[in-house]
Amino acid sequence: MSNELNIYSDLLVGIKNRVRQGQIKAYVAVNAELLATYWHIGKMIHERQQQEGWGNSIIPKLAIDLKNELA
């Protein structure tokens, strides 16, 4: 009985460790994608401001429109 308990305990620990590793990998992947997305958005806004001569007043309007559309 003790040997079966040890085998079960080892299996449980192994599964929990694997789940945690998978969660960490998922968090890292999501964070990397979000960082790339936000960087690209900032670049798009900056380039458009340079091309069109927009001032900072466009940012609040853009934020409101995006929030209304995506939230």
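Refer to the structure printed above.
Residues numbered from 1 in each chain as written. Predicted model: local features only at pLDDT ≥ 70, side-chain atom pairs only at ≥ 80, totals over all residues. Heavy atoms only, no water.

Enquirer: Help me understand the overall build of the protein, please; the structure alone is not making it clear to me.
Expert: When its secondary structure is counted, the protein shows two helices and zero strands. Relative to the compact-globule value of 11 Å for 71 residues, the protein shows a C-alpha radius of gyration of 24 Å, a clear excess of over 25%. Along the three orthogonal principal directions, the C-alpha set of the protein runs to about 75 × 20 × 15 Å. The buried share of the protein, reckoned over its 71 residues, is 1%. Here the protein carries 8 positive and 7 negative side-chain charges, and the mean point of each set is 4 Å from the other. (Helix = DSSP H or I, 4+ residues; strand = E, 2+ residues; numbered from the N terminus. Rg over C-alpha atoms; globule rule 2.2 N^0.38 Å. Buried < 20%, exposed > 50% of the residue type's maximum accessible area, 1.4 Å probe, protein only. Lys, Arg positive; Asp, Glu negative; His and termini not counted. Charge placed at Lys NZ, Arg CZ, Asp CG, Glu CD.)

Enquirer: Where do I start with the environment of Asn6 in this structure?
Expert: Along the chain, Asn6 falls in helix α1 (residues 2-52). Spatially, the C-alpha atom of Asn6 lies 45 Å from that of Ala36, the residues being 30 residues apart in sequence.

Enquirer: Teacher, can you tell me more about the environment of Gln21 here?
Expert: Its place among the elements puts Gln21 in helix α1. The spacing of Gln21 and Lys61 is 40 residues in sequence and 41 Å in space, taken between C-alpha atoms.

Enquirer: In this structure, what is going on with the pattern of salt bridges? I would like to understand it.
Expert: Side chains that differ in charge, positive against negative, can pair when their charged atoms come close. Tallying each qualifying case throughout the model produces two salt bridges. A salt bridge links Lys43 to Glu47; the shortest N-O distance between them is 3.6 Å. With Lys43 and Glu47 both in helix α1 and four residues apart, the pair spans about one turn of that helix. When its relative accessible area of 36% is taken as the criterion, Glu47 is described as partly exposed. Measuring nitrogen to oxygen at the nearest pair gives 3.0 Å for the salt bridge that ties Asp65 to Lys61. Here Asp65 and its partner Lys61 are both found in helix α2 (residues 58-70), four residues apart, which amounts to about one turn of the helix. In this structure Lys61 comes out as partly exposed when scored by relative accessible area, which is 48%. (Salt bridge = Lys/Arg side-chain N within 4 Å of Asp/Glu carboxyl O.)

Enquirer: Which parts of the structure should I look at to understand the side chain of Gln49?
Expert: Note on placement: Gln49 falls in helix α1. Reaching out from Gln49, the side chain makes a polar contact with the backbone oxygen of Gly55 at a distance of 3.5 Å. Once you skip the residues sitting within four places of it in the chain, Gln49 turns out to touch Trp54, Gly55, Asn56, Ile58 and Ile59. (Polar contact = N/O pair within 3.5 Å; in protein donor to acceptor, adjacent residues only side chain to side chain. Contact = heavy atoms within 4.5 Å.)

So far we have only geometry, and geometry alone does not tell us how the molecule works.
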